[in-house]
Amino acid sequence: MFRSRFGVAGAGRPRALPGPEGARRRVEGRGRPRAGGRLQSRPTSRISPLAGARHTAVPDQPAEDATAPALARPFVKWAGGKGQLLPALLSRMPVALETYYEPFLGGGALFFALAQDPDHAPRRAVLNDANHELVTAYRVVRDEVRALVERLGALERRYMEADADGRSTLFYAVRDEAPAEPLEVAARLIFLNKTCFNGLYRVNRHGRFNVPHGRYARPRILDCGGLLAASRALAHAELTCADFETACAGAGPRDFVYFDPPFHPLSKTSRFTGYTESEFGRAEQLRLKRCIDALTERGVPLMLSNSPHDWIVGVYEGAGRYRVERTPARRAINSRGDRRGAIDELLVLNYPVERGRGRLESLA
Ligand SMILES: C[S@@+](CC[C@H](N)C(=O)[O-])C[C@H]1O[C@@H](n2cnc3c(N)ncnc32)[C@H](O)[C@@H]1O
């Protein structure tokens with residue numbers, strides 16, 4: 001396993017995972033302020049009529065409860081999620097970095113993989129996505145996880161106690177809501193993500209979630225341990241909702257940026273464009289390339305993942321300054337299971353990799 005300047009266990013630096021006691025303090029509102037963040041949030045506010053029962057039993061010491069998983073992981077399923085690529089990504093990560101930037105956060109698979117490991121947890125993380133509801137959900141998981149657990153617990157009970165028609169009615173009633181309050185936004189997004197068809201988030205061109213109801217017998221609407229672990233991992237993360245260029249503008253030579261933009265489609269039928277109301281077409285891919293060039297000129301180490309489309313390969317190989325590699329992946333965003341399959345993922349790095357570890361000395 002590679003070691004990282006992100007933080008060595010026991011070396012005296014603050015960790016991104018402060019441990020159960022730190023997590024409990026933060027949940028209770030006495031946590032320390034974080035960059036770009038705020039102190040622990042207000043208490044539970046308006047309860048949606050859809051939430052059913054007003055109170056759900058939450059353990060007094062939730063971080064220690066038996067359901068808490070050892071590892072933090074994405075709390076939403078997201079198109080293009082990088083869970084299965086983690087070994088390939090981690091083995092190419094350079095060591096000893098200050099701030100981890102992820103401008104296209106999505107489900108945050110790589111961030112959570114880094115954060116859950118005390119040896120590699122970034123001291124600071126700047127996480128960004130253009131999807132406002134998603135970023136709101138991350139902020140609520142970070143700052144109001146206890147209230148979120150209550151809300152999702154109530155929703156889960158209502159859903160599980162209903163018959164098939166009742167479940168469908170509840171799903172579409174929640175889908176039709178347009179809440180403004182962050183806690184409601186987060187609960188709605190997670191509820192829909194867990195109960196919709198294929199468990200994915202997709203919006204139409206007006207930015208409205210438009211996935212139909214799924215038919216899971218026992219969807220895990222409330223994953224208490226998973227949410228608490230995610231909340232601990234996010235404790236020191238700055239969460240922004242901006243365009244990717246703005247999101248990584250502050251990166252310097254001791255930082256690291258991981259770009260995972262919307263996959264450039266290999267065919268018309270493989271196109272997935274439902275992350276936000278905006279498209280991410282060739283002009284956006286070229287704007288990203290210019291952003292990557294500018295960061296490279298400033299000596300900022302970075303890695304990009306994308307599709308192995310000839311055009312994308314040409315854009316980066318043609319520049320003559322990047323390491324362009326392919327790694328096997330299996331894509332799962334086609335709604336038809338028979339069209340999901342093995343497709344390589346393209347990885348673009350601006351630093352050398354030796355013996356499975358990024359090496360930064362020769363960068364810029
Ligand atoms: C491929 S997904 C990221 C998946 C993520 N790495 C994971 O493990 O789940 C791409 C993300 O980029 C976001 N996005 C699209 N356009 C963007 C932009 N211009 N700036 C920032 N984020 C954007 C989408 O909302 C989406 O969540």
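These figures come from a predicted structure and were not determined experimentally.

Engineer: Explain the overall build of the protein chain to me, and be specific about the residues and the numbers.
Structural biologist: Counting its regular elements, the protein chain contains eleven helices and nine strands. Among the 364 residues that make up the protein chain, the fraction classed as buried is 43%.

Engineer: Give me helix α10 (residues 282–297): which residues, what numbers.
Structural biologist: The first and last C-alpha atoms of α10 sit 22 Å apart over 16 residues, in line with the 22 Å expected at 1.5 Å per residue. Of all the residues in α10, the buried ones are L288, C291, I292 and L295. All buried residues of α10 fall inside an arc of 100° around its axis, so they share one side. Exposed positions of α10 whose direction lies more than 90 degrees from the buried face are R282, A283, L286, R290 and E297. Those residues of α10 that are buried are in contact with α9 (244–247), β4 (256–259) and β5 (302–306). Following α10 by one or two positions, G299 has its phi on the positive side, about 80°.

Engineer: How would you explain the pairing of strand β3 (residues 237–240) if you had to name every residue and give the values?
Structural biologist: Burial of β3 is one-sided: the residues A237 and L239 facing one way are buried, the residues E238 and T240 facing the other way are not. Relative to β3, strand β2 (residues 124–128) runs parallel, the two being bridged by four bridges. Within the sheet, the bridge partner assigned to L127 lies in β3 and is L239.

Engineer: Can you explain the nonpolar core? Please cite residues and give values.
Structural biologist: By size, the foremost hydrophobic cluster in this structure holds 88 residues, and its most contacted members are V141, L148, A186 and V257. In this view, L148 contacts V140, V141, L183, A186, A187 and L227; residues no more than four positions away in its chain are not counted.

Engineer: Hey, could you go over the packing of helix α5 (residues 145–161) against helix α7 (residues 182–195) for me, with residue numbers and the actual values?
Structural biologist: Contact pair α5 / α7: the axes reach a minimum separation of 10 Å and the direction vectors enclose 45°. Classified by the interaxial angle, the pair formed by α5 and α7 is oblique. Crossing hand, α5 versus α7: right-handed. Contact residues: α5 offers A147, L148, R151, L152, L155 and Y159, while α7 offers L183, A186, A187, I190, F191 and T195.

Engineer: A description of unusual backbone geometry should follow, citing residues and the corresponding values.
Structural biologist: Note on backbone geometry: most residues besides glycine have negative phi, and most peptide bonds are trans. Not every positive phi belongs to a glycine, and N198 is a case in point at roughly 70°. Secondary-structure assignment places N198 in the loop between α7 and α8 (224–233).

Engineer: Describe the environment of P265, naming the residues involved and giving the relevant values.
Structural biologist: Position of P265 among the secondary structure elements: in the loop between β4 and α10. Sequence spacing of P265 and S307 is 42 residues, and the spatial spacing of their C-alpha atoms is 7.1 Å.

Engineer: Any details on the environment of A233? Residues and values, ideally.
Structural biologist: Inspection of the secondary structure puts A233 in helix α8. Measuring from C-alpha to C-alpha, the distance between A233 and A113 comes to 9.5 Å, with 120 residues separating the pair along the chain.

Cut-offs used in this document
Residues numbered from 1 in each chain as written. Predicted model: local features only at pLDDT ≥ 70, side-chain atom pairs only at ≥ 80, totals over all residues. Helix = DSSP H or I, 4+ residues; strand = E, 2+ residues; numbered from the N terminus. Buried ≥ 20, exposed ≤ 12 C-beta atoms within 10 Å, placed from the backbone. Expected span 1.5 Å × (residues − 1). Arc of directions from axis to C-beta. Contact = placed C-beta atoms within 7 Å. Pairing = 2+ DSSP bridges. Core = buried A, V, L, I, M, F, W, Y, C linked by C-beta atoms within 7 Å. Axes fitted to C-alpha atoms, helices over the stretch in contact; angles between N-to-C directions. Parallel < 35°, antiparallel > 145°, perpendicular 65-115°, else oblique. Left-handed = near helix turned anticlockwise from the far one by under 90°.

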